[in-house]
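Remarks on the overall topology
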Amino acid sequence: MHDMSAQAVHHHAPPTSFIWKHVFSLDHKVIGKQYYAMALVAALCGMALSWMMRIHLAWTNAAIPGLQLLSPNGAPGGVMTPEYYLQLMTMHGTIMVFFVLTTAPFAAFGNFFLPIQVGAEDMPFPRFNMMSFWVTFTAFLVLMASFFVSDGPTLGGWTQYAPLNAVGSVAGPGQGMGVILWMTSIALFCIGQLLGSLNFITTTLDLRVKGMSLMRLPLSAWAWFITSCMGLTAFAVLLPACILVILDHVAGTSFFVPSGTVMNDQLLPHSGGSTLLWQHLFWFFGHPEVYIAIVPGIGIVSHILITNMRRPMLSQRVLIYSMGALAILSYMVYGHHMFVSGMNPISSLVFSFPTLVITIPATIIVLIQVFSLYGSKLRINSASLFALGFISMFVSGGVSGFFLAQPSIDIMLHGTYFVVGHFHMVMGVAAMFGIFAGTYFWFPKMAGRMMNETLGKIHFWFSFVGAYCIFMPFHYLGMAGNVRRYSTFVDDYLQPLIPVHRWITVAALITGAAQLVFVYNLIHSRFWGAPAPDNPWEGTSLEWSTATPPPWDNFGGKLPVVYHDPFQYGVKSSVGDYVMQASPEQVATEHEEK
Amino acid sequence: MATTIHEPPRIDQDRLPEKGHTGNGGRGNFVPSGGELRETLDYSPPPSSTAIWVVLFAVTMMFAAFTSALVVRKGSSQDWQSFTLPPILYLNTLILLLSSVTLEVARRRVSAFMRGVKSHAENPARWLYVTWALGLLFVAGQYVAWTQLRAQGLYLATNPSSSFFYVLTVTHVVHVLGGLGGLLYVIRKLSKSALRRNAMVATARYWHFMGGLWLYLMLLLWFKL
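Residues numbered from 1 in each chain as written. Chains lettered and ligands numbered in written order. Predicted model: local features only at pLDDT ≥ 70, side-chain atom pairs only at ≥ 80, totals over all residues.

This part is about the overall build of chain B. Helix and strand counts for chain B come out as five helices and one strand. Reading the secondary structure of chain B in the N-to-C direction produces β-α-α-α-α-α. Residues classed as buried in chain B amount to 36% of the 225 residues present. (Helix = DSSP H or I, 4+ residues; strand = E, 2+ residues; numbered from the N terminus. Buried ≥ 20, exposed ≤ 12 C-beta atoms within 10 Å, placed from the backbone.)

Below, the structure is given as structure tokens:
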């Protein structure tokens, strides 16, 4: 059926030894799996840290078994000190933002599927691609190593605000070697992601197969392309910022430490640095990072919904433009993270306006997805459920963003759990649901076996209900004035809120346990799942045109030719209600968007 | 929506590879191999022409971040002390600009060699060696500039102005070293008759960019330090 007109052209031979086949592999598919495995380990680490924090918040004096082994000083007798709580919080945020939300939806799925979806045999620079993963993995190891230095990891939060990030151990445990390791880790991470972005951009622009115009790319491919453009800009700015902090630490420079800074009764020998400078550099990266985490999810769930709705989105073109608008606007809004930094109120106004404007493309995306769903006969499976969950979380978390976009309200809420609830839902849980949706959808192609659908649905309902039970109360806590980053709530006005924290902790423990069902499903299906057919979901894009799992060169030596858009569903063809992109079959369709 | 019938794909002919290759490669991208002019290898070249713009964009963003840090740092405090730039920097500037000229000569000669022009058939890498030597001379000159500053008592942490001087110049030299590595790659591939034109063009663009970037840095340092 498929017109495979090209000849075998793979430009590096398949490796035969274990090391070059599975460890230092040049194959984008292996690299994608490596990213996924690393993200899975990182997610479990991040979740374990959140469990410990939640237990401590709900039952402050409870001993957590084994914690004293991780840090005898930070958790004597298993009860964590306030400083150690902050250290765990910092590591939770850093691990989840960088090594899970950035790597899994973008680097893992993107590496595996972008070349296949554009019809290429590999990324154009496979060695850079391999380096991208191993540099990122080294960054992860460097970060985790900070658990094992004398005073533990840094306690400065994932934002690492100056001057605490630049003055050394006088600022508290972990602020010496812990910060240096954190900055080194993130600098390495930036290099890894820059190498990855280079490959993603060139793959999309230069390796599209015959017939694959830009508008014929699946939405997931568009999302990875837009994300790589964002990453290229954002990580190229964070890298020098990290270098400057490291120099403040080890070389005695004064980029970020103001003169006359006294900390713990010590006058610091720095002069004239700017604390706001770090915030500007960090948030120029930091806000686009939110979209680096979420835009791949938008693309992935759109791709999944189209396949399961058996119809295209209302407008593929508008959805693509909206993702592009999110990317561009994300650089204009970063100052809304600094409303309480003492910046000029006029600057706050300047940043507030695009912050409200960016809700327009986000709303358009959601409306297109929701109205496309209206009237469709959606196939309910684990992937489509998590795709629906993604929309739900994105909307629920996004609505609270309207409030935070206004400086006068943000000043009241910024230091409270309201913000914690907001970003966990819109960025954390939504992106995680995108990862889960992508896993259930693409696992058959990646592993050659089907995942257990019953366990997948159990996983979804526990995760969906659990996420709301955890993060919606955060908004209430914030409005009640519950300050974030406190390890204990000893103030009188916070005492009535402790039952809410206990509720959240129980919900977090149950929801976290449900993730172990997912891990079990993943591992069990990998080895004992039912063999997957080439096209289990009756999809149209090129990944479903090739064998399961895809061969070394993706298309068995012959490149496909693309004749159609990737959303030709609801038609009458020789194979059913869809036409694959690589099928030359001409059928009457109602959808054409070039 | 109107009902339509799909037409066969419409492809930009310039991007269609002749042998079904991926990418935008085609004939004429390779140095003669095995004595046969215009012989192409079995696969299309990597899209280095796009990649080099991506790399240059990332480098631009990096130096833009350093620049904004310099501007903010200088404007936010009273401890900024200006100093005179080491005179050797002007000589280094000339050397780097001259290396761009020699690289352009080299690129044209290699290109003519690839087209089979016999007058350039002998040792087309000569000007590449000259460019590489000039690049190395630039790096050595920068090292001399650092030693001259050190002799004046201006170290990395002495003052924010000296801090930025070292950070900017060292970062630039690291990128120049990357360019020198690229030149070595080009020379090696040329010696094996396996050089792709895209690789030559990409390396030249990167090297010229390093020259332009250095001019920008010189102006920045001259006005701001």
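Further notes follow.
This brings us to the overall build of chain A. Helix and strand counts for chain A come out as 16 helices and three strands. Dimensions of chain A, computed from C-alpha atoms along their principal axes, come out at roughly 80 × 50 × 45 Å. At a minimum sequence separation of 6, the contacts of chain A that also span at least 24 residues come to 78%. (Contact = placed C-beta atoms within 7 Å.)

Let's shift gears to the nonpolar core. Residues and elements named next belong to chain A. Ranked by size, the top nonpolar core spans 231 residues in total, and within it A39, A430 and A437 carry the most contacts. Residue contributions to this core peak at 23 residues, all from helix α4 (residues 82–118). Two domains each provide a minimum of three residues to this core, namely domain 1 (82–255) and domain 2 (540–594). Setting aside its immediate chain neighbours within four residues, A430 contacts I294, G297, F390, M393, F394, G397 and M425. (Core = buried A, V, L, I, M, F, W, Y, C linked by C-beta atoms within 7 Å. Domains from an automatic or database assignment.)

A word on unusual backbone geometry. Residues and elements named next belong to chain A. Look at the link from A162 to P163: it is a cis peptide, with omega at 5°. Structurally, P163 is set in the loop between α5 (126–145) and α6 (177–206). Here the amide bond leading from T548 into P549 is cis, since omega sits at -15°, within 30 degrees of zero. With respect to the helices and strands, P549 occurs in the loop between α16 (498–528) and β3 (588–589).

What follows is about the domain arrangement of chain A. Residues and elements named next belong to chain A. Splitting chain A by domain gives domain 1 (82–255) and domain 2 (540–594). Here the C-alpha centre of domain 2 lies 35 Å away from the C-alpha centre of domain 1. Each partner contributes residues to the interface: domain 1 has 14 residues there, and domain 2 has 18 residues.

All names here are of chain A. Between helix α9 (residues 316–329) and helix α11 (residues 359–373), the shortest axis-to-axis distance is 8 Å and the interhelical angle comes to 150°. As judged from the angle between their axes, α9 and α11 are roughly antiparallel. Remark: the crossing between α9 and α11 carries left-handed chirality. Two secondary-structure elements touch here, α9 through V318, L319, S322, A325 and L326 and α11 through P361, A362, I364, I365 and I368. Grouping the amino acids of the contact of α9 with α11 by side-chain chemistry returns nine nonpolar, one polar and no charged. (Axes fitted to C-alpha atoms, helices over the stretch in contact; angles between N-to-C directions. Parallel < 35°, antiparallel > 145°, perpendicular 65-115°, else oblique. Left-handed = near helix turned anticlockwise from the far one by under 90°. Nonpolar A, V, L, I, M, F, W, Y, C, P; charged D, E, K, R; others polar.)

Glancing now at the confidence of the model for chain B. Residues and elements named next belong to chain B. Mean pLDDT over chain B works out to 80, with 77% of the residues at or above the 70 mark. Helix α3 (residues 126–151) holds the highest mean pLDDT among the elements of chain B, 96, whereas strand β1 (residues 4–5) holds the lowest, 39. Low confidence marks residues 1–45, where pLDDT is under 50. Its contacts with residues over four positions away, or in another chain, come to 84 contacts. Under the prediction, the complex receives an ipTM of 0.91, its pTM being 0.91. (pLDDT = per-residue confidence, 0-100.)

The next subject is the packing of helix α2 (residues 28–58) of chain A against α4 of chain A. Residues and elements named next belong to chain A. Put simply, α2 and α4 touch, their axes get as near as 7 Å, and they point 155° apart. On the basis of the axis angle, α2 is roughly antiparallel to α4. Regarding α2 and α4, the two cross each other, and that crossing is left-handed. Classifying every residue of the contact of α2 with α4 gives 25 nonpolar, eight polar and two charged.

All names here are of chain B. Within the secondary structure, L215 is located in helix α5 (residues 197–224). Assessed through the 13 C-beta atoms surrounding it within 10 Å, L215 is described here as partly exposed. For the pair formed by L215 and T93, sequence separation is 122 residues and the distance between their alpha carbons is 7.3 Å.

This part is about α11 of chain A. Along an α-helix, residues three or four apart share an orientation, since each turn contains 3.6 residues. Residue and element names in this part refer to chain A. Taking 1.5 Å of rise per residue, 15 residues should cover 21 Å, and α11 covers 21 Å from first to last C-alpha, within 8% of that figure. Listing the buried residues of α11 in full gives P361, A362, I365 and Q369. For α11, the angular spread of the buried residues around the axis is 110°, confining them to a single face. Turning to α11, the residues buried within the fold contact α8 (275–309), α9 and α12 (382–404). Downstream of α11 by one or two residues, G375 has phi in the positive range, about 85°. (Expected span 1.5 Å × (residues − 1). Arc of directions from axis to C-beta.)

Here we come to the confidence of the model for chain A. Overall, the predicted model of chain A reaches an average pLDDT of 92, with 97% of residues at or above 70. Counting interchain partners and residues more than four positions distant, the pLDDT-below-50 stretch residues 1–10 of chain A has 28 contacts.

Residue and element names in this part refer to chain A. Helix length check: α8 (35 residues) gives 50 Å between terminal C-alpha atoms against 51 Å at 1.5 Å per residue, within 8%. The largest bend in α8 is about 30°, located at W283. Across the 35 residues that make up α8, a large majority, 32, are buried. Positive phi appears at R310, one or two residues downstream of α8, with a value of about 60°. (Bend = angle between axes of the 7 residues up to and from the residue.)

Mapping G286 of chain A onto the fold places it in helix α8. In this view, G286 of chain A contacts T159, Y334 and H337 of chain A; residues no more than four positions away in its chain are not counted.

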